[in-house]
Amino acid sequence: MIRGVLAAILCSVPFSCVAAATCPDSFSPRAKELLADSVELMESEHKLNVIYFIGNDNEPAADYERRLSELLLYLQQFYGKEMARNGYGNRSFGLPMLPNGMVDITVVRGKESHKKYYYSGEGAELCLKELEEYYAKHPEKKRSQHNFVIMRTHYDDKHNDANPGGVPFFGYGVHCFALDYVGFDIEHLGQDTTAGHLLTKWYGGFAHELGHGLNLPHNNGTRTQNTELGTPLMNSGNYTFGYKPTYLTPASCSILARSETFALKGNKTPYYAYQQQPEVEALHVAYDGDSIHISLRCTENHTVNAYVQDPPFAVNQDYDAVVFRVPEKGPAQAGKQLHVVSIPLDELGGLKNIRHGEQRVDLRFCAPDGSRYRTYVPIQWENLKPGDVIPCDKLEFVKGY
Ligand code: ZN
């Protein structure tokens, strides 16, 4: 009887009310359709700073509030659903919201012509410097340490709304840059049209750069994961997002779970304050003919991920680093936690697909406050014989990704 009454109450809530709770009336029919299966996200303690940065001589592209709100909320759902699939619950980056259900996008006007904020480290740094000046005057607008800065495409002999660009478009540290153009609209999502392909290129990039700005390095999935799930967002998912299956790896989700804007309401952790190199001991790396086996003990409460990487070992040459979570084994003892993983060569595509020369297994550590360090073990695959133990007694640590 009670069950019958409850069922009647649930059934009496029309589906459109569920959608209306997340979608303002002003959203496009396509956005309402795409957001209809939204999951309810847990409330976050810190919100991403969503900044639309313009020069002293331009304006945001038309209808940016609706267009970017739709795109951001859909992306927030993607991250939230991937976190849930990986066992972290319905958690995503927090977005600042307006009472009307739109995203609270802060428009910041720079002191210089928009051309001064061009695609370069210099252009980005100038923007960030002025953004800090803005926050000094409007501290309530700085909701976390993470800045997602959107600029309007330049209009010159190379760039326009049909070929956007010219502005910073990358992520580093806690910052990332993406762009906006007339036609950057979720109505084109997944369409096999010129506007659809253009949207995937720039929306996929928007999603991928945000990943960097939320602490994620590049990575590839294992052969099994890629067969089942598609392309990792932090691999070449910027070319597939919204068009073909795209996903976040377990390693990416483990890092996001310790990223400031994913902290749940009430979590007062001072993010990125710890910055201590983890203590690593008893690192053992061995090969048995089928797999590399890694075990180590490190400072407790750190997550560990192993990235198998080809040369060259440089920025933006690491998209294809296949990543494995290195899970904890047993309880911590005397402040140290054992982590163990096996990396089957088959999941790397087999030995025939591994390039010759020195390779690396990068070990990346993340503290509870999101502080990160990495080190690596060099491996010469072609010289390995079953039973070999890889020497790794000298570890050098680097801060950051
Ligand atoms: Zn990237």
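The rules behind these values
Residues numbered from 1 in each chain as written. Predicted model: local features only at pLDDT ≥ 70, side-chain atom pairs only at ≥ 80, totals over all residues. Heavy atoms only, no water. Donors = N, O, S within 2.8 Å, 3.2 Å for Na, K, Ca; no water. Helix = DSSP H or I, 4+ residues; strand = E, 2+ residues; numbered from the N terminus. Buried < 20%, exposed > 50% of the residue type's maximum accessible area, 1.4 Å probe, protein only. Polar contact = N/O pair within 3.5 Å; in protein donor to acceptor, adjacent residues only side chain to side chain. Contact = heavy atoms within 4.5 Å. Expected span 1.5 Å × (residues − 1). pLDDT = per-residue confidence, 0-100. Pairing = 2+ DSSP bridges. Axes fitted to C-alpha atoms, helices over the stretch in contact; angles between N-to-C directions. Phe/Tyr/Trp six-rings, centres within 6.5 Å; stacked < 30°, edge-to-face > 60°. Lys NZ or Arg CZ within 6 Å of the ring centre and 35° of its normal.

> I keep staring at the coordination of the zinc ion and nothing clicks. Help me out?
Each angle at a metal carrying four tetrahedral donors should ideally be 109.5 degrees, and each at a metal carrying six octahedral donors should ideally be 90 or 180 degrees. Summarising the metal site, the zinc ion is bound by the protein donors His-208 (NE2), His-212 (NE2) and His-218 (NE2), whose distances to it range over 2.0 to 2.1 Å. Each donor residue of the zinc ion lies on one chain, and together they are spaced H-x3-H-x5-H. Placement of both His-208 and His-212 in helix 6 (residues 194-213) is noted, with a separation of 4 residues, approximately one turn of the helix. Here His-208 and His-212 have matching classes, each one buried.

> Whenever I open this one, the side chain of Ser-259 confuses me. Can you help?
Residue position: Ser-259 is located in the loop between helix 8 (250-256) and strand 8 (280-287). Among the polar contacts made by the side chain of Ser-259, one reaches the side chain of Asn-215 at a distance of 3.5 Å. In this structure Ser-259 touches His-146, Leu-214, Asn-215, Tyr-271 and Tyr-272, once residues within four positions along its chain are discounted.

> Looking at this structure, I do not really get helix 4 (residues 64-85). What am I missing?
An α-helical turn contains 3.6 residues, so any two residues separated by three or four positions project in the same direction. In this model, helix 4 (22 residues) spans 31 Å end to end at C-alpha, consistent with the 32 Å of a helix rising 1.5 Å per residue. Of the residues one or two after helix 4, Gly-87 is the one with positive phi, at around 95°.

> Even after reading the chapter, I still don't get the confidence of the model for the protein chain, so can you show me in this structure?
Parts of the prediction with low pLDDT should not have their coordinates interpreted in detail. When pLDDT is averaged across the protein chain, the result is 91; 93% of the residues are at 70 or more. Of the regions scoring below 50 in pLDDT, residues 1-21 engages in 1 contact with residues more than four places distant in sequence or in other chains.

> In this structure, what is going on with helix 6? I would like to understand it.
For helix 6, built from 20 residues, the straight-helix expectation of 28 Å at 1.5 Å per residue is met to within 8% by its first-to-last C-alpha distance of 28 Å. When you tally the buried positions in helix 6, you get 16 out of 20 residues, the bulk of the element. Downstream of helix 6 by one or two residues, Asn-215 has phi in the positive range, about 100°.

> Help me understand the sheet that holds strand 4 (residues 171-172), please; the structure alone is not making it clear to me.
Note: strands within a sheet are paired through backbone hydrogen bonds, in either parallel or antiparallel orientation. One open sheet holds the 5 strands; their spatial order is 2-1-3-5-4, and the pairing between them is mixed. Lying at the two open borders of the sheet, with one neighbouring strand each, are strand 2 (106-109) and strand 4. Here helix 6 sits on the sheet and contacts strand 3 (147-152), strand 4 and strand 5 (175-180); the angle it forms with strand 5, its principal contact strand, is near 165°.

> Honestly, the packing of aromatic side chains in this entry has me stumped. Any pointers?
Per the counting criterion, the structure on display carries 22 aromatic pairs. Summarising the aromatic geometry, the rings of Tyr-79 and Phe-93 are spaced 5.3 Å apart at their centres and angled 80° between planes, so their arrangement reads as edge-to-face. One end of the pair, Tyr-79, is in helix 4; the other, Phe-93, is in the loop between helix 4 and strand 2, and 14 residues separate them in sequence. Each of the two residues, Tyr-79 as well as Phe-93, counts as buried. An aromatic cluster of at least three residues, connected via ring pairs, comprises Tyr-74, Phe-78, Tyr-79, Phe-93, Phe-148, Tyr-181, Phe-184, Tyr-203, Phe-206, Phe-241 and Phe-262. In this structure, Arg-360 packs its charged tip against the face of Tyr-376, placed 3.7 Å from the ring centre. Lying across the ring of Tyr-307, Arg-364 places its NZ or CZ 4.5 Å from the centre.

> Whenever I open this one, the pairing of strand 10 (residues 303-309) confuses me. Can you help?
Two faces make up the sheet, and in a regular strand the side chains alternate between them. Most of strand 10 is tucked away, with 7 of its 7 residues classed as buried. The pairing of strand 10 with strand 13 (residues 358-366) spans 7 bridges and is antiparallel. In the sheet register, Val-304 faces strand 13, and the bridge partner there is Phe-365.

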